[in-house]
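Fold and geometry: a report
Here's the letter readout for the chains.
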Amino acid sequence: MKKEFNIARYFGDFGGAFIPESFIPILDELENAYGKYKDDPEFTAEYNYYMSEYVGRPSPLFYADNISRDLGFKVYLKREDLNHTGAHKINNAIGQILLAKRMGKKRIIAETGAGQHGVATATAAAIMGMECVIYMGAEDVKRQEPNVFRMELLGAKVVSVTDGSRTLKDAMNEAFRDWLTNVEHTYYLIGTVAGPHPYPTLVRDFQAIIGREAREQILKKEKQLPDYLVACIGGGSNAMGLFYAFLDDDKVALIGVEAGGRGVNRGDNAASLMYGRKGVLHGSKSKVLLDDYGQVSDVHSISAGLDYPGVGPEVAYLHDEGRLEAVSVTDNEAIDGFRYLTRKEGIIPALESSHAVAYLLKDRNRFKKDDIVIVNISGRGDKDVNTIYQLMRK
Ligand SMILES: *Cc1c(COP(=O)(O)O)cnc(C)c1O
C-alpha cells in the first residue's frame, strides 16, 4: 500500500518496526488511517465526547495537603484512578477503538497479562458494539481469574494460550497470528506505548490527554509549571501520557519510577531503563532486560502491570537523551507507598501507582520546600487489596 502519511518511525535510535514482512502492509494501513484521523475535527470531537461523558474526564488534579505537610513539599495527584474502569488504560482503548471503527473494522483483538488492558479493551468493545477476542497466557488465566470473568461478562471471548511459557509473550504471538489471518475486519489493540511503529506514537497521543489536563490544572492552581512530574513505568503509557505536554518545558523534571522488585539481580526486578540493554522486543527497538545469551530475561514485580521486560521506545529515547530520569523502588517500598497514600489521603492506589508514591517517600530529601510535584495515580488499588491482605497475614 502507498504511504499517504508519514509519522516519524524512530525516536533517535529507538522504535521502528521489527516484524515479518507480511505485516508491513497492515501497519501501513494503520499508519495511513491514523495520519488521516489524528487531527480530524470530527474524530477529535468523538474522542473528547467519550473522554468526558463515558470515562469521566477531566480527572481531578488533587492537592494532597496531608502528605504535602508531612513530606515538606507540594504534592498534587493526577487522579487517573477515578476514570471509568479505574485506570488510565481506558483512554487508549477508546481512542484506538474509534480509529478501528473509522477503518471499517468489526472485530477487536488484544493480548493481556494481568488482565487490566483486556478489561479496558473489552469495555470499549462493549460500548462500541464490536466483537472482542482477548489472548491470554494459560498461566495468567489461572492467576487473574476475576479479570477473566470480568472480560467474559463484558462479552469478550478470552482465549487461553498454552504455548511456551504460557504468559504475555505467548499471548502476543497468538494475537499477531490472528491479526495476520483476519486483518480485513480485525483491529489489533495494543495497550502500552510499545509494539511496532506506529503503535508507540498513537498510544502516546491517546494518553497525552492526561498531561494536557494536568498542565492546564496546575497553571490555574499554582500560576506556574510544576518542578517535577513522577509516574510509574511498566511499558510507559501513563508516564508518556503525563509527560508529553511538558516535554519542551526544560525546567520541568521528569521522573520515571521502575519496578525494583526484590533487588538488583537479574530476574528480580523489571527496571528496563536502569538495567536493560538495547534490544528488540515486541516489534520495536528499545531498552530490554536480557540474559547473557541476549534472550529476554525473566522479570519480577509485585505489581502485575509493571512486570514487563521492556519499555516503550520513546521512553528509552528520552532516558538516553537525559530528559527523563529513571529511578526504582522495591516491592516492599511500593507496599509502604500503598499504605501511606491510603492512610494519609484516603486514596487506595494501584500497586503500580504506589511505586510513584513510594519514590516521594524514599527520596523525600531531594525535594525543596516550595517544590511542586505532580504524581500520576495511574489506577485504583481495589484489584490489589487481596495481594496486600495475603502479604500482611504472613
Ligand atoms: C497497566 C498499568 C500500568 C503500567 O503500564 P504503563 O503503560 O507503564 O502505564 C500502570 N498503572 C496501572 C494502574 C496499570 O493498569
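As a reminder, the structure under discussion sits directly above these lines.
To start, this report covers the structure provided alongside it.

Criteria and thresholds
Residues numbered from 1 in each chain as written. Predicted model: local features only at pLDDT ≥ 70, side-chain atom pairs only at ≥ 80, totals over all residues. Heavy atoms only, no water. Helix = DSSP H or I, 4+ residues; strand = E, 2+ residues; numbered from the N terminus. Buried < 20%, exposed > 50% of the residue type's maximum accessible area, 1.4 Å probe, protein only. Contact = heavy atoms within 4.5 Å. Near = heavy atom within 4 Å. Polar contact = N/O pair within 3.5 Å; in protein donor to acceptor, adjacent residues only side chain to side chain. Areas by Shrake-Rupley, 256 points an atom, 1.4 Å probe, with all protein chains shown as cover. Phe/Tyr/Trp six-rings, centres within 6.5 Å; stacked < 30°, edge-to-face > 60°. Axes fitted to C-alpha atoms, helices over the stretch in contact; angles between N-to-C directions. Left-handed = near helix turned anticlockwise from the far one by under 90°. Pairing = 2+ DSSP bridges. Right-handed = clockwise from strand over helix to strand, strands pointing away. Patch = residues over 30% accessible without salt bridge, like charges linked within 9 Å, V, L, I, M, F, W, Y side chains within 5 Å. Salt bridge = Lys/Arg side-chain N within 4 Å of Asp/Glu carboxyl O. Core = buried A, V, L, I, M, F, W, Y, C linked by side-chain atoms within 4.5 Å. Parallel < 35°, antiparallel > 145°, perpendicular 65-115°, else oblique. Nonpolar A, V, L, I, M, F, W, Y, C, P; charged D, E, K, R; others polar.

Re the environment of alanine 8
- One can find alanine 8 in the segment before strand S1 (10–11).
- Taking the relative accessible area as the measure of exposure, alanine 8 reaches 51% and is therefore exposed.
- Non-local contacts of alanine 8, meaning those with residues more than four positions away in its chain, are made with His197 and Thr201.

Regarding the site of the ligand
- Around the ligand lies a shell of 16 residues, among which Lys89, Gln116, Thr192, Ser237 and Ser378 are the nearest.
- Glutamine 116 is positioned with one of its side-chain polar atoms (N or O) 2.4 Å from an oxygen atom of the ligand.
- With respect to the ligand, the side chain of serine 237 contributes an N or O atom lying 2.7 Å from an oxygen atom.
- Expressed as a share of its isolated accessible area of 390 Å², the protein-covered part of the ligand is 97%.

Description of the side chain of serine 378
- Assignment of secondary structure puts serine 378 in the loop between strand S14 (372–377) and helix H16 (385–393).
- A polar contact of 2.7 Å, which involves the side chain of serine 378, links it to the side chain of serine 353.
- Apart from the residues lying within four places of it in its own chain, the contact partners of serine 378 are Glu80, Asp81, Gly86, Ala87, His88, Cys232, Asn238, Glu352 and Ser353.

Remarks on the packing of aromatic side chains
- For the coordinates displayed, the defined rule picks out 17 aromatic pairs.
- Each ring, one from phenylalanine 43 and one from phenylalanine 206, has its centre 6.3 Å from the other, and the planes form 50°; the classification is tilted. Of the two residues, phenylalanine 43 is situated in helix H2 (residues 41–55) and phenylalanine 206 in helix H9 (residues 199–207); the sequence distance between them amounts to 163 residues. Each member of the pair phenylalanine 43 and phenylalanine 206 is classed as buried.
- Taking the centre distance of 6.5 Å and the plane angle of 80° together, the rings of tyrosine 50 and tyrosine 54 count as edge-to-face. With a gap of four residues between them, tyrosine 50 and tyrosine 54 both fall in helix H2, about one helical turn apart.
- Judged by its relative accessible area of 14%, tyrosine 50 falls in the buried class.
- An aromatic cluster of three or more residues is present, and its members are Phe23, Phe176, Trp179, Tyr188 and Tyr199.

Things to note about the packing of helix H1 (residues 24–37) against H9
- Across the interface, H1 lies against H9 with an axial gap of 11 Å and an inter-helix angle of 35°. Along this stretch, H1 crosses H9, giving a crossing that reads as left-handed. Facing Leu27, Leu30 and Tyr34 of H1, the residues of H9 in contact are Tyr199, Leu202, Asp205 and Phe206.

Describing the pairing of strand S6 (residues 131–137)
- Of all seven residues in S6, six are buried, a share of seventy percent or more.
- Here strand S5 (residues 107–112) runs beside S6; their pairing, made up of six bridges, is parallel. Across the sheet, threonine 112 pairs through a bridge with methionine 136, a residue of S6.
- What joins S5 to S6 is helix H5 (residues 116–128), and the crossover it makes is right-handed.
- Of the pairings in the sheet, the one linking S6 to strand S7 (residues 157–161) comprises five bridges and is parallel in character. Opposite isoleucine 134, over in S7, you have valine 158 as the bridge partner.

Some remarks on a nonpolar patch on the surface
- Taken together, the side chains of Tyr10, Phe18 and Val280 make up a nonpolar region of the molecular surface, amounting to roughly 280 Å² of accessible area.
- Structurally, tyrosine 10 is set in strand S1.

Re the nonpolar core
- Ile94, Leu99, Trp179, Tyr187, Tyr188, Tyr199 and Leu202 are the most contacted members of the largest nonpolar core, which totals 83 residues.
- If you tally residues by element for this core, the top one is helix H4 (residues 89–102), at seven residues.
- Beyond its immediate sequence surroundings of up to four residues, tyrosine 187 is in contact with Leu30, Gln96, Leu99, Ala100, Met103, Lys105, Arg107, Ile108, Ile109, Trp179, Tyr199 and Leu202.

Here's the deal with the sheet that holds S7
- One open sheet holds the four strands; their spatial order is S7-S6-S5-S8, and the pairing between them is parallel. Unpaired on one side and paired on the other, S7 and strand S8 (186–188) mark the two borders of the sheet. The average undirected angle you get between the axes of adjacent strands in this sheet is 25°.
- Summarising the sheet, S5 and S8 pair through three bridges and their orientation is parallel. Considered in S8, the bridge of arginine 107 is made with threonine 186.
- Of the strands in this sheet, S5 and S8 touch H4, which is tilted by about 150° from S8.
- Each of S5 and S6 is contacted by H5, which is oriented at about 165° to S5, the strand it contacts most.

Some details on the packing of H4 against H5
- At a minimum axis distance of 9 Å, the contact between H4 and H5 shows a crossing angle of 45°. Judged by the angle between their axes, H4 and H5 are oblique. You can see that H4 and H5 cross each other, and the crossing is right-handed. Each of Lys89, Ile90, Asn92, Ala93, Ile94, Ile97, Leu98 and Lys101 in H4 lies in contact with H5, whose residues at this interface are Gln116, His117, Ala120, Thr121, Thr123, Ala124, Ala125 and Met128.
- Within the contact of H4 with H5, the residues separate by chemical class into nine nonpolar, five polar and two charged.

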